Amino acid sequence: MTANATQTTKELTADEKTESKTLKGLISAEGTKKRFEELLGKKAPGFLAGVLSVYNNSKQLQNVNPQSIMAAAAIAASLDLSLNPSLGHACIVPYKDGDTLVAQFQIMTRGLVQLAHRTSQYTRLHFAKVHEGQLVEHDEIKGVFRFDTAAKKSDKVVGYYFAFDLVNGYKHEAYWSV
């Protein structure tokens, strides 16, 4: 057998090599399409179009390694969370790693809520901004909170409240000041 007969990969042209280094090129690659179809099924083309839209609308992401953007997008896809900023499920955030920028997956509040609801283990899941004047009592030792929404003095957010109840009866509340 000759070397040509055993060669299983095709040689890439200079244009194909350049294209595979861009986000658009990575998204267009058959391997990428197949990987996201395995994760999302029929939703894959729309999801990949969304990744490109997020990229095109972010000057910061345009300076990031495209492979790291696709890796972050794959995490969002594996969790079936949208990267559409208006939905607030997840986002791709550029971080500095030495001298280079890399993209990382970041789950957002509504994404956490979405994942929690999918478990069918929650009977109540609530989070809210607490404005100046609304916190009446906060006992850190006992974990007791009392709020008065009518006592709001301004639009200044002074903290965040979160509470959930599980189907097994477990309940939890938390408050974080800003």
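Refer to the preceding data block for the structure.
Note that the coordinates shown come from a computational prediction; the quantities given were computed from them, not determined experimentally. (Residues numbered from 1 in each chain as written. Predicted model: local features only at pLDDT ≥ 70, side-chain atom pairs only at ≥ 80, totals over all residues. Heavy atoms only, no water.)

**Student:** Is there a simple way to explain the environment of Tyr122 in this structure?
**Tutor:** Locating Tyr122 in the fold gives a position in strand β3 (residues 122-131). As a C-alpha pair, Tyr122 and Gly169 span 47 residues in sequence and 9.5 Å in three-dimensional space. With sequence-adjacent residues up to four places away left out, Tyr122 is seen in contact with Ala116, Phe164, Asp165, Leu166 and Val167. (Helix = DSSP H or I, 4+ residues; strand = E, 2+ residues; numbered from the N terminus. Contact = heavy atoms within 4.5 Å.)

**Student:** Even after reading the chapter, I still don't get a nonpolar patch on the surface, so can you show me in this structure?
**Tutor:** On the surface, a cluster of nonpolar side chains totalling about 370 Å² of accessible area is made up of Tyr160, Trp176 and Val178. With a relative accessible area of 71%, Val178 lands in the exposed category. (Patch = residues over 30% accessible without salt bridge, like charges linked within 9 Å, V, L, I, M, F, W, Y side chains within 5 Å. Areas by Shrake-Rupley, 256 points an atom, 1.4 Å probe, with all protein chains shown as cover. Salt bridge = Lys/Arg side-chain N within 4 Å of Asp/Glu carboxyl O. Buried < 20%, exposed > 50% of the residue type's maximum accessible area, 1.4 Å probe, protein only.)

**Student:** What is the right way to look at the nonpolar core in this model?
**Tutor:** In globular proteins that are soluble, nonpolar side chains generally tend to be buried together. By size, the foremost hydrophobic cluster in this structure holds 26 residues, and its most contacted members are Phe36, Phe47, Val51, Ile69, Met70, Leu83 and Ile92. At the level of secondary structure, the elements contributing two or more residues to this core comprise α3 (23-28), α4 (30-40), α5 (44-56), α6 (66-78), β1 (90-97) and β2 (100-107). With seven residues, the top contributor of residues to this core is α6. If sequence neighbours within four positions are ignored, Leu83 has contacts with Phe47, Val51, Val54, Ala73, Ala76, Ala90, Cys91 and Ile92. (Core = buried A, V, L, I, M, F, W, Y, C linked by side-chain atoms within 4.5 Å.)

**Student:** Which parts of the structure should I look at to understand the sheet that holds strand β6 (residues 157-166)?
**Tutor:** Within a sheet, neighbouring strands are paired by backbone hydrogen bonds and run either parallel or antiparallel to one another. Strands sit in the order β3-β6-β7 across an open sheet of three strands; the sheet is antiparallel. The sheet is open, and its two borders are formed by β3 and β7 (171-177), each paired with just one other strand. On average, each strand axis in the sheet is inclined to that of its neighbour by 10 degrees, with strand direction left out of account. Where β6 meets β7, seven bridges bridge the pair, whose relative direction is antiparallel. Following the sheet pairing, Asp165 is matched in β7 by Lys171. (Pairing = 2+ DSSP bridges. Axes fitted to C-alpha atoms, helices over the stretch in contact; angles between N-to-C directions.)

**Student:** How do you make sense of the packing of α4 against α5 when you look at a structure like this?
**Tutor:** At a closest axis distance of 9 Å, the pairing of α4 and α5 adopts a crossing angle of 120 degrees. The element α4 and its partner α5 pack so that their crossing is right-handed. Contact residues: α4 offers Lys33, Phe36, Glu37 and Leu40, while α5 offers Ala44, Phe47 and Leu48. (Left-handed = near helix turned anticlockwise from the far one by under 90°.)

**Student:** Would you take a moment to explain the pattern of salt bridges for this structure?
**Tutor:** Pairing between side chains of opposite charge can happen when the charged atoms of each approach one another. Summed over all chains, the structure comprises five salt bridges. Where Glu137 meets Arg146, a salt bridge forms, and the shortest distance between an N and an O atom there is 3.5 Å.

**Student:** Looking at this model, I keep getting lost on the layout of surface pockets. Mind explaining?
**Tutor:** To find the voids left in a structure, one rolls a probe of water-molecule size over its atoms. Quantified by volume, the largest pocket comes out at close to 300 Å³. Lining the largest pocket are 14 residues, and of these Thr109, Leu112, Val113, Phe127 and Phe162 sit closest to its centre. Within the residue set of the lining of the largest pocket, elements represented by two or more residues are α7 (109-118), β3 and β6. With five residues, the top contributor of residues to the lining of the largest pocket is β3. Of the residues in the lining of the largest pocket, the class split is 12 nonpolar, one polar and one charged. (1 Å grid on protein atoms, 1.4 Å probe; cavity = no way out; pocket = protein on both sides within 12 Å on 5 of 7 lines; lining within 4 Å. Points joined across faces, edges and corners; volume = space filled by probe spheres on them. Nonpolar A, V, L, I, M, F, W, Y, C, P; charged D, E, K, R; others polar.)

So far we have only geometry, and geometry alone does not tell us how the molecule works.
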